[in-house]
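# Residue-level structural notes
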Amino acid sequence: MLKKLFKLALATSMIFNSLSCASLSVSAVKPDVAVSIDQVSVTMHQLESSNYEVPVFIRLKQTENLNSIEFGLETDENCCFEFITENTQAQAYGEMLNLEMSCVSSPDRMNYAWVTWAQNEPYFYDETSNILLAIVKIPETAQPDDIYYINYLTQSPLNQEKNHVWYNYGTKTHYTTDGTVNFTNGYIQVLEDEEALQGDATLDGKIDIADVVYTTRVVLGKDSFTSLQIKTCDINQNGIVDAMDSLSIMECVVGLLELN
Ligand SMILES: [Ca+2]
C-alpha cells in the first residue's frame, strides 16, 4: 500500500511538471486528440525489485476544447491492471481545473480497463497533456525478450463499439462525436540484466562501504537480494551470500582484494 502511495505521489508530481499552458485559441475546426501509451523497457532485475509491477503512462493531448473522451485499455491476458489513477488536476491560466478520470476494471477481466476522462470546466481552449498512470503487473514467469502489449480499444465494457469524444465549439456547448483520435499502442519489453560489478550490492556502479553494509544486512536477515545481487555478491561462488562474501567486499573497499 505504501509503495502504491509513493508511486501515486511520484506520478502526481510528474503530472504537474508535465502540464503546460499555451496561448488562447478559439476555433470551429474539428479537434484532434492524441492518446499515446508508453513503450517501456524493463530489466529482469528491475522486475524482481518491483514485484513485477511496471508503471506505464497513458498520455492524452488535445488540440482544441475537448470536453470528454472514453476509451478502453487492454493488455496481455496474463497481465493485469493493478492500479490506474482515478483523479487528477491540471493547471491552466493559473487556475486549477478538475479533470475527472474514472476507470472500470472488471474482476473477471483484470487485463481490461475502461477510461472516462472529462473536465468540469466547459470552456477550455488550451493545449494540454494529461497523464494517467497505470500499474501493470506482468507474470512472474517473464523472461528476457518477452513483450506484453497494451492496446487502445474503442469497445466499451458492454461490448459496444464506441469512439466517444465530445467537444465545445465557441462559447456554446455543442457536442459532437466525430472528432479524430490518433492513438499509439504501448508495450512492456523485458530485457536481459545489465552487467554488474562483483561486490556491487547496491548496483550503483561502484564498490564502497554502502555495499558492505547492504551485504551484511542481507547476511543478518535484515534485508534481501534479488537474483542479480546474489550473483554479483556471492564472491566465493558457494551459492549463497554469507559473512565471507561480506568480508571480501570489505577487503575490496580497503584495497586488500581486487574483485573486478
Ligand atoms: Ca555499490
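Anyway, here's the lowdown on the structure attached to this text. (Residues numbered from 1 in each chain as written. Predicted model: local features only at pLDDT ≥ 70, side-chain atom pairs only at ≥ 80, totals over all residues.)

### Quick notes on the overall build of the protein chain
Helix and strand counts for the protein chain come out as five helices and 13 strands. Counting across all 260 residues of the protein chain, residues that qualify as buried make up 27%. Taking the contacts inside the protein chain whose residues are at least 6 apart along the sequence as the reference set, 73% of them involve residues at least 24 apart. (Helix = DSSP H or I, 4+ residues; strand = E, 2+ residues; numbered from the N terminus. Buried ≥ 20, exposed ≤ 12 C-beta atoms within 10 Å, placed from the backbone. Contact = placed C-beta atoms within 7 Å.)

### Regarding the packing of helix 3 (residues 209-219) against helix 5 (residues 243-253)
Contact geometry for helix 3 and helix 5: axes closest at 9 Å, N-to-C directions at 175°. The angle between helix 3 and helix 5 falls in the class roughly antiparallel. Note on element contacts: helix 5 touches helix 3 through Ala-243, Asp-245, Ser-246, Ile-249, Met-250 and Val-253, opposite Ile-209, Asp-211, Val-212, Thr-215, Thr-216 and Val-219. Class assignment for the residues of the contact of helix 3 with helix 5 results in seven nonpolar, three polar and two charged. (Axes fitted to C-alpha atoms, helices over the stretch in contact; angles between N-to-C directions. Parallel < 35°, antiparallel > 145°, perpendicular 65-115°, else oblique. Nonpolar A, V, L, I, M, F, W, Y, C, P; charged D, E, K, R; others polar.)

### Observations concerning helix 5
Residues Asp-245, Ser-246, Ser-248, Ile-249 and Cys-252 constitute the buried set of helix 5. Looking down the long axis of helix 5, one finds its buried residues gathered within 160° of arc, a one-sided arrangement. Where helix 5 is buried, its residues contact helix 3 and helix 4 (227-233). Once helix 5 finishes, Gly-255 follows within two positions and takes phi at roughly 85°, a positive value. (Arc of directions from axis to C-beta.)

### Quick word on the nonpolar core
Among the nonpolar cores identified, the biggest contains 27 residues, and Val-56, Ile-58, Leu-132, Ala-134 and Val-136 are the most heavily contacted of them. Going through the elements one at a time, strand 1 (32-37), strand 3 (53-62), strand 4 (66-75), strand 5 (80-84), strand 8 (109-119), strand 9 (129-137) and strand 10 (147-153) are the ones with two or more residues in this core. With six residues, the single largest contributor to this core is strand 9. When residues no more than four places from it in sequence are discounted, the contact partners of Val-56 are Ile-37, Asp-38, Val-40, Ala-134, Val-136, Ile-150, Gly-186 and Ile-188. In this structure, Cys-233, Ile-235, Ile-249 and Cys-252 belong to the second largest nonpolar core, which totals nine residues. (Core = buried A, V, L, I, M, F, W, Y, C linked by C-beta atoms within 7 Å.)

### Let's talk about the environment of Cys-252
Checked against the element boundaries, Cys-252 lands in helix 5. On the basis of neighbour counts, which here come to 22 C-beta atoms within 10 Å, the residue Cys-252 falls in the buried class. Separated by 45 residues in the primary sequence, Cys-252 and Ile-207 place their C-alpha atoms 7.7 Å from one another. Apart from residues no more than four positions distant in its own chain, Cys-252 is found in contact with Gly-199, Ile-207, Leu-257 and Leu-259.

### So, the pairing of strand 13 (residues 186-191)
Covered by surrounding structure in strand 13 are Gly-186, Ile-188 and Val-190 only, the residues Tyr-187, Gln-189 and Leu-191 on the alternate face being uncovered. Summarising the sheet, strand 2 (residues 39-43) and strand 13 pair through five bridges and their orientation is parallel. Paired with Gln-39 across the strands is Tyr-187, a residue of strand 13. Note: strand 10 against strand 13, four bridges, orientation antiparallel. (Pairing = 2+ DSSP bridges.)

### Points about unusual backbone geometry
Located in the positive-phi region is Asn-51, a residue other than glycine, with phi close to 55°. Structurally, Asn-51 is set in the loop between helix 2 (44-49) and strand 3. Of note in the backbone geometry, Leu-203 takes a positive phi value of approximately 55° without being a glycine. Position of Leu-203 among the secondary structure elements: in the loop between strand 13 and helix 3.

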